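Understanding the architecture of this molecule
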Amino acid sequence: MHIPLRALPARIAELPQDQLIVYYCKSGSRSKRAILFLQDQGFSHVVNLTGGDDGANTKRKAKFVLMGWVV
């Protein structure tokens, strides 16, 4: 699922509150803001992919997919 930060408030109902949500962006700054917003809205299973897409290597992303997390 892809939800840009600017659309997150309008699309928050699409997110499951009982599953882990991994949010990421190119550098990690927008995703950090998204995580803070989601936590303020009561989401507790949210993480930021540190370093964003630039900092995440292919092997690390593949691990998320194998664990059932959508990145």
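Every value quoted in this text rests on a predicted model; they were computed, and no experiment measured them. (Residues numbered from 1 in each chain as written. Predicted model: local features only at pLDDT ≥ 70, side-chain atom pairs only at ≥ 80, totals over all residues. Heavy atoms only, no water.)

**Focus: the overall build of the protein**
Check the secondary structure of the protein and you find 4 helices and 2 strands. Each of the 71 residues in the protein was classed as buried or not, and the buried ones make up 27%. Here the contacts in the protein between residues at least 6 apart in sequence split such that 55% fall between residues at least 24 apart. Carbon and sulfur atoms provide 53% of the accessible area of the protein, an area that totals close to 4900 Å². (Helix = DSSP H or I, 4+ residues; strand = E, 2+ residues; numbered from the N terminus. Buried < 20%, exposed > 50% of the residue type's maximum accessible area, 1.4 Å probe, protein only. Contact = heavy atoms within 4.5 Å. Areas by Shrake-Rupley, 256 points an atom, 1.4 Å probe, with all protein chains shown as cover.)

**Points about the nonpolar core**
Soluble globular proteins tend to bury their nonpolar side chains together. Listed in full, the 11 residues of the largest apolar core are Ile3, Ala7, Leu8, Leu15, Ile21, Tyr23, Ala34, Ile35, Leu38, Phe43 and Val46. Elements with a contribution of two residues or more to this core: strand S1 (21–23) and helix H2 (29–40). With 3 residues, the top contributor of residues to this core is H2. Ignoring any residue separated from it by four or fewer positions in sequence, one finds Ile35 in contact with Tyr23, Val46, Val47 and Asn48. (Core = buried A, V, L, I, M, F, W, Y, C linked by side-chain atoms within 4.5 Å.)

**A short note on the environment of Gln41**
Mapped onto the elements of the fold, Gln41 is located in the loop between H2 and strand S2 (46–48). For Gln41, a relative accessible area of 42% puts it in the partly exposed group. Between the alpha carbons of Gln41 and Ile12 there is a distance of 9.0 Å; along the sequence they are 29 residues apart. When near neighbours in sequence (up to four residues on either side) are disregarded, Gln41 contacts Ile12 and Gln17.

**A word on the pattern of salt bridges**
By the definition in use, this model includes 1 salt bridge. Measuring nitrogen to oxygen at the nearest pair gives 2.9 Å for the salt bridge that ties Glu14 to Arg11. Judged by relative accessible area, which is 41%, Glu14 ranks as partly exposed. (Salt bridge = Lys/Arg side-chain N within 4 Å of Asp/Glu carboxyl O.)

**Points about the confidence of the model for the protein**
Here the protein averages 78 in pLDDT, and 69% of its residues register 70 or above. Within the protein, helix H4 (residues 58–66) has the poorest average pLDDT of any element, 52, and helix H1 (residues 8–11) the best, 94. (pLDDT = per-residue confidence, 0-100.)

**A closer look at H2**
The end-to-end C-alpha separation of H2 is 17 Å, in line with the 16 Å expected for 12 residues at 1.5 Å each. Restricting attention to buried positions, one finds in H2 the residues Ser31, Ala34, Ile35 and Leu38. What you see down the axis of H2 is that its buried residues fit within an arc of 100 degrees, all on one side. Away from its buried face, by an angle of more than 90 degrees, H2 presents the exposed residues Lys32, Arg33 and Asp40. On the buried face of H2, the contacting elements are H1, S1 and S2. With its phi angle positive at about 100 degrees, Gly42 sits one or two positions after the end of H2. (Expected span 1.5 Å × (residues − 1). Arc of directions from axis to C-beta.)

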